[in-house]
Amino acid sequence: MTTGVIIYEKDKYILRTLIERLRVRLPESYVIDGSNESETQHIVKLCDECIIIYDQRQYGKNAFSDKRKVLPLFEDGVIDCKKIIKPIRINPGHRTFKNESDGITLLLPFVYVSERENFIRTKLTSLKDCDVCLRFDLVSRVNCTPKYGESLTDLLNNVSRKKFEAVDILDYCALDERGFFNPGCLSVKDDINDHPVSAFSNLVTKTKVLTDDKDKNASALIVAEGLNNKAVFEIAGKCNRIILLLPDEVSQDRPGMCEFIAALSRSCNGKDIEIKNVINEENYEPAI
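What counts and how
- Residues numbered from 1 in each chain as written.
- Predicted model: local features only at pLDDT ≥ 70, side-chain atom pairs only at ≥ 80, totals over all residues.
- Heavy atoms only, no water.
- Pairing = 2+ DSSP bridges.
- Helix = DSSP H or I, 4+ residues; strand = E, 2+ residues; numbered from the N terminus.
- Axes fitted to C-alpha atoms, helices over the stretch in contact; angles between N-to-C directions.
- Contact = heavy atoms within 4.5 Å.
- Phe/Tyr/Trp six-rings, centres within 6.5 Å; stacked < 30°, edge-to-face > 60°.
- Lys NZ or Arg CZ within 6 Å of the ring centre and 35° of its normal.
- pLDDT = per-residue confidence, 0-100.
- Parallel < 35°, antiparallel > 145°, perpendicular 65-115°, else oblique.
- Left-handed = near helix turned anticlockwise from the far one by under 90°.
- Buried < 20%, exposed > 50% of the residue type's maximum accessible area, 1.4 Å probe, protein only.

Enquirer: Explain the sheet that holds strand β1 (residues 3–8) to me, using residue names and the numbers behind them.
Expert: If you walk across this open sheet you meet the four strands as β2-β1-β3-β4, and the pairing is parallel. Each of the sheet's edge strands pairs with one partner strand only, and the pair in question is β2 (30–33) and β4 (70–72). Pairwise comparison of adjacent strand axes, ignoring direction, gives a mean angle of 20° for this sheet. Both strand β3 (residues 49–54) and β4 contribute to a ladder of three bridges, which runs parallel. From the neighbouring strand, I53 faces β4, where its bridge partner is L71. Sitting on the sheet, helix α2 (residues 37–46) is in contact with β1, β2 and β3, with an inclination near 155° to β2.

Put into structure tokens, the structure is as follows:
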């Protein structure tokens with residue numbers, strides 16, 4: 001379903017910044033200036049539904065009372081974009097896949113960032129064969145590739161709250177240039193292991209609600225690098241697919257890695273762990 005967002009605001013600065021913000025947070029929607037009549041008429045014809053956002057101080061509280069979906073811009077004198085986005089955020093459409101490996105993919109890379117990203121780009125393209133593919137980089141800020149936003153910290157801080165719902169995750173994410181809905185990096189003062197294991201567990205649990213919903217077409221990629229083992233083992237059992245990415249075939253036979261793989265396998269009740277290496281990725285050991 002195509003959604004149009006029409007904004008009525010006479011202050012050009014507020015209008016411009018609001019349009020830019022909403023276009024980032026609602027990439028699947030058409031966000032336009034309501035004063036442009038020709039564009040407005042075109043959007044009304046093009047979209048399945050249109051939502052009007054208006055400055056009630058300028059137009060009056062009942063200015064658009066004849067319209068079906070109307071949202072006032074200000075609440076208690078301020079603009080809260082999260083509250084504006086919530087009723088018009090992307091609602092993933094009907095689920096089109098049902099393979100056992102679909103849902104949440106956990107990638108545990110022990111390689112360079114460039115090799116990690118190349119693997120995701122070339123080998124995990126099927127993850128994005130859906131309406132919404134979430135990506136969470138549970139890595140140090142140095143190894144995090146998104147160049148925008150620091151909402152991952154906010155997401156990890158809030159996901160354990162009682163009133164936090166699975167769909168609220170989408171409020172923290174924006175579509176990146178690679179096609180993932182991503183909350184971005186950790187904040188400058190934050191470290192990935194500063195957060196409790198429960199935060200990661202709750203994040204994956206809430207994400208699983210989205211990916212398991214038969215009425216939604218969503219998947220997720222979790223990249224965990226430098227995350228403490230206790231947190232890794234906790235979230236592994238909740239994921240549909242677990243991939244261990246190593247530099248070469250020899251790496252998996254090293255004592256430390258053997259112990260890690262064994263503990264990982266136990267933590268997810270013997271679930272298959274795919275071991276792949278960047279040197280000869282096509283000939284990886286399929287499962288343990």
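Picking up where we left off.
Enquirer: Please provide a residue-by-residue account of the packing of aromatic side chains, values included.
Expert: Under the criterion given, the structure shown has seven aromatic pairs. Between Y59 and F64, the aromatic rings sit 5.9 Å apart at their centres with planes inclined by 55°, giving tilted as the arrangement. Note on F233 and F260: the rings are 5.7 Å apart at their centroids and 35° apart in plane angle, and the pair reads as tilted. Pair noted here: F233 is in helix α8 (residues 229–236) and F260 is in helix α9 (residues 255–267), with a separation of 27 residues, a long-range link. Following the ring pairs from residue to residue traces out a cluster consisting of Y8, Y54, Y59 and F64. Looking at R57, its charged tip hangs above the ring of F74, at a distance of 3.8 Å from the centre.

Enquirer: Can you tell me about the confidence of the model for the protein chain, naming the residues and giving the values?
Expert: Low pLDDT means the predicted coordinates in that region are not meant to be read closely. On average, residues of the protein chain carry a pLDDT of 84, and 90% of them reach 70 or more. Throughout residues 92–98 the model reports pLDDT below 50, and contacts reaching past four residues in sequence, or to other chains, amount to 32 contacts. With pLDDT under 50 throughout, residues 282–288 is counted as low confidence; its partners more than four residues away or in other chains account for 18 contacts.

Enquirer: Residue-level account of the packing of α8 against α9, with values.
Expert: The N-to-C vectors of α8 and α9 enclose an angle of 40°; their axes lie 8 Å apart at closest approach. As the angle between them shows, α8 and α9 are arranged oblique. Considering only the axes of α8 and α9, their crossing is right-handed. On α9, the residues touching N229, V232, F233 and A236 of α8 are F260, A263, L264 and S267.

Enquirer: Before we move on, could you go through the environment of E234 and cite the residues and values that matter?
Expert: Examined against the element boundaries, E234 turns out to sit in helix α8. The exposure class of E234 is partly exposed, given its relative accessible area of 36%. For the pair formed by E234 and V204, sequence separation is 30 residues and the distance between their alpha carbons is 9.6 Å. Discounting chain neighbours no more than four positions away, the residues touching E234 are V197 and S201.

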